[in-house]
Amino acid sequence: MPLRWFRRTPRGIADDLWAQVLQSQPLVGHLDAADLTRLRALVDGFLAEKHISGAAGFAPDALVQASIALQACLPALNLGLRAYADFVEVIVYPDQFLVPRRRTDDAGVVHEGIEALAGEAMDGGPVVLSWADIGPGSHETGGNVTIHEFVHKIDLLDGEADGIPPLPAGRHARWVRLLEDTYDAFCDALEHVEAQIPRSVDPESAAADRYYEALPLDPYAATDPSEFFAVSGEAFFVTPVRLRSAYPEWYQALSDFFGQDPAGAHDAEASSIR
Ligand SMILES: [Zn+2]
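Bear in mind that the values here come from a model prediction, so they are computed numbers and not experimental data.

## Some details on the pattern of salt bridges
Reasoning step 1: For the structure on display, the rule yields eight salt bridges.
Reasoning step 2: A salt bridge links R38 to D35, with the shortest nitrogen-to-oxygen separation between them at 3.1 Å. In this pair, R38 and D35 both sit in helix α2 (residues 33-49), three residues apart, roughly one turn of the helix.
Reasoning step 3: Judged by relative accessible area, R38 falls into the partly exposed class, the value being 38%.
Reasoning step 4: Across the pair R101 and E120 runs a salt bridge, and its minimum N-O distance is 3.1 Å. Placement of R101 in strand β3 (residues 97-104) and of E120 in strand β5 (residues 119-121) is noted, with a sequence separation of 19 residues between them.
Reasoning step 5: On the basis of relative accessible area, R101 is assigned to the partly exposed category, the value being 33%.
Reasoning step 6: The class of E120 is buried, set by a relative accessible area of 14%.

## Topic: a negative patch on the surface
Reasoning step 1: A cluster of acidic residues, E180, D181, D184, D188, E191, E194, D202, E204 and E249, forms a negative patch at the surface.
Reasoning step 2: By secondary structure assignment, the location of D184 is in helix α6 (residues 169-196).

## Some points on the packing of aromatic side chains
Reasoning step 1: Under the counting rule described, the total for this entry stands at 20 aromatic pairs.
Reasoning step 2: Arranged with centres 5.9 Å apart and planes meeting at 70 degrees, the rings of F46 and F150 form a pair that is edge-to-face. Here F46, found in helix α2, pairs with F150, found in helix α5 (residues 145-155); they are 104 residues apart in sequence, far enough to count as distant. For the residue pair F46 and F150, the accessibility class agrees, reading buried in each case.
Reasoning step 3: Their ring planes at 75 degrees and their centres at 5.7 Å tell us that Y183 and F228 sit as a pair that is edge-to-face. Taken together, the positions of Y183 in helix α6 and F228 in helix α8 (residues 225-238) put the pair 45 residues apart, joining distant regions of the chain.
Reasoning step 4: Accessibility expressed as a relative area gives 14% for Y183, which makes it buried.
Reasoning step 5: Judged by its relative accessible area of 0%, F228 falls in the buried class.
Reasoning step 6: Through pairs of rings, three or more aromatic residues link up here, namely W175, Y183, F186, F228, F229, F236, F237, W250, Y251, F257 and F258.

## Some words on the coordination of the zinc ion
Reasoning step 1: For the zinc ion, the full set of protein donor atoms is H148 (NE2), H152 (NE2), E227 (OE) and E227 (OE), and the range of their distances to it is 2.0 to 2.7 Å.
Reasoning step 2: Geometry at the zinc ion is irregular, judged from its four donor atoms and the angles of 52 to 147 degrees they form at the metal.
Reasoning step 3: Sequence positions of the residues that donate to the zinc ion give the spacing H-x3-H-x74-E. Pair noted here: H152 is in helix α5 and E227 is in helix α8, with a separation of 75 residues, a long-range link.
Reasoning step 4: Owing to a relative accessible area of 12%, E227 belongs among the buried residues under this scheme.

## What about empty space enclosed by the protein?
Over the atoms a probe the size of a water molecule is rolled, and this reveals where empty space is left.
Reasoning step 1: The full count for this structure, using the stated rule, is one cavity of 30 Å³ or more.
Reasoning step 2: Of the voids in this model, the largest cavity is the one considered here, and its volume is about 50 Å³.
Reasoning step 3: What lines the largest cavity is simply L167, R171, R174, W175, A253 and D256.
Reasoning step 4: Breaking the lining of the largest cavity down by element, the ones donating at least two residues are α6 and α10 (248-258).
Reasoning step 5: With three residues, α6 is the single largest residue contributor to the lining of the largest cavity.
Reasoning step 6: Counted by class, the lining of the largest cavity contains three nonpolar, no polar and three charged residues.

## Remarks on the sheet that holds β5
Reasoning step 1: Reading across the sheet, the four strands line up as β1-β2-β6-β5 and stay open at both edges, with mixed pairing between neighbours. The open sheet has two free edges, formed respectively by β1 (51-54) and β5, since each of these has just one partner strand. Going across the sheet, the axis of each strand differs from the next one's by a mean of 15 degrees, ignoring polarity.
Reasoning step 2: In this sheet, strand β2 (residues 89-93) lies alongside β1 in parallel orientation, the contact comprising four bridges. Along β2, the bridge assignment pairs H51 with E89.

## As for the nonpolar core
Reasoning step 1: Counting residues in each nonpolar core, the largest one holds 72 residues, and the members touching the most others are L39, F46, Y84, W175, L217, L243 and W250.
Reasoning step 2: Counting residues per element, this core draws most heavily on α6, at nine residues.
Reasoning step 3: For this core, the domains that each give at least three residues are domain 1 (12-102 + 110-161) and domain 2 (165-274).
Reasoning step 4: The residues contacting L243, other than those within four sequence positions of it, are L217, S232, A235, F236, W250, Y251 and L254.

What counts as what
- Residues numbered from 1 in each chain as written.
- Predicted model: local features only at pLDDT ≥ 70, side-chain atom pairs only at ≥ 80, totals over all residues.
- Heavy atoms only, no water.
- Salt bridge = Lys/Arg side-chain N within 4 Å of Asp/Glu carboxyl O.
- Helix = DSSP H or I, 4+ residues; strand = E, 2+ residues; numbered from the N terminus.
- Buried < 20%, exposed > 50% of the residue type's maximum accessible area, 1.4 Å probe, protein only.
- Patch = residues over 30% accessible without salt bridge, like charges linked within 9 Å, V, L, I, M, F, W, Y side chains within 5 Å.
- Areas by Shrake-Rupley, 256 points an atom, 1.4 Å probe, with all protein chains shown as cover.
- Lys, Arg positive; Asp, Glu negative; His and termini not counted.
- Charge placed at Lys NZ, Arg CZ, Asp CG, Glu CD.
- Phe/Tyr/Trp six-rings, centres within 6.5 Å; stacked < 30°, edge-to-face > 60°.
- Donors = N, O, S within 2.8 Å, 3.2 Å for Na, K, Ca; no water.
- Tetrahedral: all angles 85-135°; square planar, octahedral: opposite > 155°, others 65-115°.
- 1 Å grid on protein atoms, 1.4 Å probe; cavity = no way out; pocket = protein on both sides within 12 Å on 5 of 7 lines; lining within 4 Å.
- Points joined across faces, edges and corners; volume = space filled by probe spheres on them.
- Nonpolar A, V, L, I, M, F, W, Y, C, P; charged D, E, K, R; others polar.
- Pairing = 2+ DSSP bridges.
- Axes fitted to C-alpha atoms, helices over the stretch in contact; angles between N-to-C directions.
- Core = buried A, V, L, I, M, F, W, Y, C linked by side-chain atoms within 4.5 Å.
- Domains from an automatic or database assignment.
- Contact = heavy atoms within 4.5 Å.

Next comes the structure, spelled out in structure tokens:
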């Protein structure tokens, strides 16, 4: 048998599929041709290394898989696939999935319940996503569940979900200070907004949405510093100009970390239209 039979042919993503997935993703407009080539190589590697499988009857086709891979690789563009070395499985449900939760409160009482999730990133385990929350139409909410969960994976690289990813020694102290300061500022802003909601309006209802719209980030970011980093990661790619004008120093730290400047690309576009 000729030796070439044993050689592995590199099977990357096909040109037409790549074009299709780029077209379906408005999030890559800030990348130049060289960045897009690097992103495509990462997507190829991601698709080769990971298992993107469906659950509860959902069968992710090649476009769904490539679309998830692209969004997963976007925050890892500067970090490489080593950011995702600790897991292989990406599991996609057709809709939100139910997860049993057990929590012990301050009084020592154990609460058990079931929670419906749009996405979950497990430490050392799979990333689980709901297609209803990441597929077509889901981006109208201004967020991005896929990026959110993969930013959690990047945060978890050093073993802790604390909003502090692995950083070069010289950048660590600045990140921690900015994370704390910006998180506190956001929690204050949220409290301010909540105080403005009239008593007649249920803060959990859709009627309260217009009050929260004044905030530069989804209120979920106030949960803890880990969620603040994940929600900031979504905003960095989806609503970068808004994030930068609210928290310029935090935006800059994220820009240095992700090695990208989505808001800067908007500036360039705006000045060329003039
Ligand atoms: Zn989260």
